[in-house]
Amino acid sequence: MRPNDVLQFWFDELTPADWFAKSDALDGQIMSRFSSLLSACAAGECWQWREADAAGKGTGGLGRLAEILVLDQFSRNVYRDDARAFAQDPMALALAQEAVALGVDSSMSAQQRAFLYMPYMHSESLVVHDEAMRLFNQPGLETNYEFEIKHREIIERFGRYPHRNALLGRASTSAELEFLQQPGSSF
């Protein structure tokens, strides 16, 4: 499979409504088409997708974006309601941080940048969210910026995402349990 297969599926076959909707049908489709690729990316076997970026050959970071989509987004579909949904987050974040450091995000569309930056939003580090605030605060990313503000507020308040606690085997505090009763608390 090639990076373009991932990018075409995510940006051309799916609609923006599909990206964040909970759908057993879409989860099944991603699982059948991309679960072996997810395993390969998680094992670090897709490094060739980002080699041209590191060499400064100007691929626009699309190989790296495809790898991030697999690690950060597809993992949440393949492993929905399972702790493994978050297992690839550190690698996805490192790839996103490298992409920003290399400046490959500057040649991407706003829609592509939103997903390149998404691992920052998924982090449970306030330091990382401080950088996410800067990254998402640009023209074309206004909606994502509003979501980043909400995500950062949760991290600032609790130091983690309470909606992950049960899946990750973490005990919730009474404040977190109260928070989880509020509408929209689980993204």
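Since we're looking at a predicted model, the values are computed, not measured.

**What about the overall build of the protein chain?**
1) Next: Along the backbone of the protein chain there are eleven helices and zero strands.
2) Next: Ordered by position from N to C terminus, the α and β elements of the protein chain give α-α-α-α-α-α-α-α-α-α-α.
3) Next: Taken over C-alpha atoms, the radius of gyration comes to 16 Å for the protein chain, in line with the 16 Å a tight globule of 187 residues would show.
4) Next: Seen through its principal axes, the protein chain has C-alpha atoms that stretch 50 × 35 × 30 Å.
5) Next: In the protein chain, which comprises 187 residues, the share counted as buried stands at 46%.
6) Next: If you sum the accessible surface of the protein chain, you get close to 9,200 Å²; carbon and sulfur atoms cover 52% of it.
7) Next: In the protein chain, which carries 17 positive and 26 negative side-chain charges, the distance between the mean positions of the two groups comes to 1 Å.

**Examining the packing of aromatic side chains**
1) Next: All told, the structure shown has twelve aromatic pairs when counted by the stated rule.
2) Next: On the numbers, 4.7 Å between centres and 45° between planes, the contact of Phe-34 with Phe-74 is tilted. On the criterion of sequence distance, the pair formed by Phe-34 in helix H3 (residues 24-42) and Phe-74 in helix H5 (residues 62-78) is long-range, its members being 40 residues apart. Like Phe-34, the residue Phe-74 is buried in the burial classification.
3) Next: Put simply, the rings of Phe-9, Trp-10, Phe-11, Trp-19, Phe-20, Phe-34, Phe-74 and Phe-115 touch in pairs and so form one group of aromatic residues.
4) Next: Directly above the ring of Phe-147 sits Lys-150, whose terminal nitrogen or CZ lies 5.4 Å from the centroid.

**Looking at the environment of Leu-168**
1) Next: You can see Leu-168 is positioned in helix H10 (residues 165-168).
2) Next: Remark: the alpha-carbon pair of Leu-168 and Phe-86, spanning 82 residues in sequence, is separated by 9.0 Å.
3) Next: If sequence neighbours within four positions are ignored, Leu-168 has contacts with Ala-83 and Phe-86.

**Details of the packing of helix H7 (residues 110-122) against helix H9 (residues 142-158)**
1) Next: As a packed pair, H7 and H9 sit with axes 11 Å apart at the nearest point and diverge in direction by 5°. One finds that H7 runs roughly parallel with respect to H9. Where H7 approaches H9, its residues Ala-114, Met-118 and Met-121 are matched on the opposing element by Asn-144, Phe-147, Glu-148 and His-151.
2) Next: Of the residues contributing to the contact of H7 with H9, the split by class is four nonpolar, two polar and one charged.

**Some thoughts on helix H1 (residues 3-13)**
1) Next: Regarding H1, the residues found buried are Pro-3, Val-6, Leu-7, Phe-9, Trp-10 and Phe-11. Angular distribution of buried residues about the axis of H1 spans 165°; they occupy a single face of the element.

Calculation notes
Residues take numbers from 1 onward in each chain, read along the sequence in its written order. At least 70 in pLDDT is required for a residue's local features to be given in this predicted model, at least 80 for side-chain atom pairs to be given and counted, and no such filter applies to totals for whole chains, interfaces and linings, which use all residues. The basis for the side-chain values is all heavy atoms of the structure; hydrogens and waters are excluded. Numbering of helices and strands runs from the N terminus; a helix is a DSSP stretch of H or I covering at least four residues, while a strand is a stretch of E covering at least two. Throughout, the radius of gyration refers to the C-alpha atoms, and the reference size of a globule is 2.2 Å times the residue count to the power 0.38. Think of it in three bands: residues with accessible area under 20% of the maximum for their type are buried, residues over 50% are exposed, and the middle band is partly exposed, with areas taken using a 1.4 Å probe on protein chains only. Surface exposure here means Shrake-Rupley accessible area, sampled with a 1.4 Å probe, where a residue is shielded only by the protein chains that are shown. Counting rule for charge: Lys and Arg are taken as positive, Asp and Glu as negative, and neither His nor the chain ends is counted. By convention, the point assigned to a charge is CZ for Arg, NZ for Lys, CD for Glu and CG for Asp. Two rings belonging to Phe, Tyr or Trp (six-membered ring only in the last case) form a pair when the distance between their centres is within 6.5 Å. Interplanar angles under 30 degrees mark stacking, angles over 60 mark edge-to-face geometry, and anything in between is tilted. As a reminder, the over-ring test applies to NZ of lysine and CZ of arginine, requiring each to be within 6 Å of the ring centre and within 35 degrees of the ring normal. Contacts are assigned to residue pairs with any non-hydrogen atoms lying within 4.5 Å of each other. Between the N-to-C directions of two axes lies an angle of 0 to 180 degrees, each axis being a line fitted to C-alpha atoms and, for a helix, fitted only over the stretch in contact. Under this scheme an angle from 65 to 115 degrees is roughly perpendicular, one under 35 degrees roughly parallel, and one over 145 degrees roughly antiparallel; angles in between are oblique. Residue polarity follows a fixed list, in which Ala, Val, Leu, Ile, Met, Phe, Trp, Tyr, Cys and Pro are nonpolar, Asp, Glu, Lys and Arg are charged, and the others, Gly among them, are polar. In this description, one arc is meant: the one made by directions from the helix axis to the C-beta atoms.

Honestly, it's all geometry; don't read function into it.
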